[in-house]
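# Chain and residue survey
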Amino acid sequence: MSTHARGTVTATRYAPVPSVHYDLVPARRLSLESVARRTGLHPELIRRFVALGLVDAERDHAGRLVFAPGAPAALGRVERLHTGLCLNYASIGLVLDLLDRIDRLEAALRRSGARSEEPSWT
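Numbering of residues starts from 1 in each chain and follows the order in which that chain's sequence is written. For this predicted model, a pLDDT threshold of at least 70 governs which residues receive local features, and a threshold of 80 or more governs which side-chain atom pairs are given and counted, while totals over whole chains, interfaces and linings are taken from all residues. Values reported for side chains reflect all heavy atoms of the structure, with hydrogen atoms and water molecules removed beforehand.

Here Cys86, not a glycine, exhibits a phi torsion of approximately 55°, which is positive. By secondary structure assignment, the location of Cys86 is in the loop between helix H3 (71-84) and helix H4 (89-112). A residue is classified by how much of its surface remains accessible, and Cys86, at 66% relative accessible area, is exposed. In DSSP terms, a helix is any run of H or I states spanning at least four residues, a strand is any run of E spanning at least two, and both are numbered starting from the N terminus. Partly exposed describes any residue whose relative accessible area lies between the buried limit of under 20% and the exposed limit of over 50%, with all areas from a 1.4 Å probe on protein chains only and scaled to the type maximum.

Have a look at this one:
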């Protein structure tokens, strides 16, 4: 609050200052070769998974595929669905979408308090 004249008080309101975030270290990315080494999958198969949308990837400044640190786990999930349930790669995309949707719905139920952490059969 500020006082301009004797006996008058005006409230001064300032616009909120937006927070600025600077990354001091660039986000860690994995190359196609390192993901292939970690997962044991052929790089061409990983490229196919990217084309099918089963795993997310970006391109670096040189046009090479780069992956988030969680990509090996996502690729492992794809391979487990393929070998464990004998699903083709086209249907794996649908299953992954459904599993993600189930996770979001369960998280929303937990936040609302409608569902406890423990299963109903315990």
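From this point, the narrative continues.
When a carboxyl oxygen of Asp or Glu lies within 4 Å of a side-chain nitrogen of Lys or Arg, that pair is called a salt bridge. In the structure shown here, the tally under the stated rule is 4 salt bridges. In this structure, the salt-bridge partner of Asp60 is Arg64, at a minimum N-O distance of 3.0 Å. Between Arg77 and Asp100 there is a salt bridge, with its nearest N and O atoms 3.6 Å apart. Of this pair, Arg77 sits in helix H3 while Asp100 sits in helix H4; the two residues are 23 residues apart in sequence, bridging distant segments of the chain.

Buried and open spaces are told apart on a 1 Å grid over the protein atoms alone, a cavity being a set of points where a 1.4 Å probe fits but cannot get out and a pocket being an open set with protein on both sides within 12 Å along at least five of seven lines. Residues with an atom within 4 Å of a point are the lining residues. Grid points are joined across faces, edges and corners, and a volume is the space filled by probe spheres set on the points. Estimates place the volume of the largest pocket at around 260 Å³. Surrounding the largest pocket, 15 residues form its lining, Gly53, Leu54, Val55, Asp56 and Ala74 being those nearest its centre. Listing elements by their share of the lining of the largest pocket, those giving two or more residues are H3 and H4.

This part covers the sheet that holds strand S5 (residues 65-67). DSSP bridges decide pairing: two strands pair if at least two such bridges lie between them. Strands sit in the order S3-S5-S4 across an open sheet of 3 strands; the sheet is antiparallel. Strands with a single pairing partner mark the edges of an open sheet, and in this sheet they are strand S3 (30-31) and strand S4 (58-59).

Our next topic: the packing of aromatic side chains. Two rings belonging to Phe, Tyr or Trp (six-membered ring only in the last case) form a pair when the distance between their centres is within 6.5 Å. Interplanar angles under 30 degrees mark stacking, angles over 60 mark edge-to-face geometry, and anything in between is tilted. Counted under the stated rule, the structure contains 1 aromatic pair. Both rings, one in Phe49 and one in Tyr89, keep their centres 4.9 Å apart while their planes meet at 65°; by these two values the pair is edge-to-face. Of this pair, Phe49 sits in helix H2 (residues 43-52) while Tyr89 sits in helix H4, and the two are 40 residues apart along the sequence. Residue Phe49 shares its accessibility class with Tyr89, and that shared class is buried.

Packed helix pairs are specified by the crossing angle of their axes together with the interaxial distance, meaning the distance between the axes. The geometry of H2 relative to H3 is characterised by a closest axis approach of 12 Å and an angle of 90° between their N-to-C directions. Viewed along their axes, H2 and H3 adopt a mutual orientation that is roughly perpendicular. Two secondary-structure elements touch here, H2 through Leu45, Ile46 and Phe49 and H3 through Leu75, Val78 and Glu79. Here an axis means a line fitted to C-alpha atoms, over the contact stretch when the element is a helix, while the angle between two N-to-C directions is reported on a 0 to 180 degree scale. Orientation categories follow fixed angle ranges, with anything under 35 degrees roughly parallel, anything over 145 roughly antiparallel, 65 to 115 roughly perpendicular, and all other angles oblique. In this analysis, two residues are considered to be in contact whenever any of their non-hydrogen atoms come within 4.5 Å of each other.

This brings us to the packing of H3 against H4. The N-to-C vectors of H3 and H4 enclose an angle of 115°; their axes lie 10 Å apart at closest approach. Here the hand of the crossing between H3 and H4 comes out right-handed. Here Arg77, Val78, Glu79, Leu81 and His82 of H3 come into contact with H4, specifically with Tyr89, Ile92, Val95, Leu96, Leu99 and Asp100. Residue composition of the contact of H3 with H4, grouped by class: 7 nonpolar, 1 polar and 3 charged. In this scheme, a crossing is called left-handed if the near helix is turned counterclockwise away from the far one by less than a right angle; it is called right-handed if the turn is clockwise. Polarity classes work like this: nonpolar for Ala, Val, Leu, Ile, Met, Phe, Trp, Tyr, Cys and Pro, charged for Asp, Glu, Lys and Arg, and polar for all others, with Gly in that last group.

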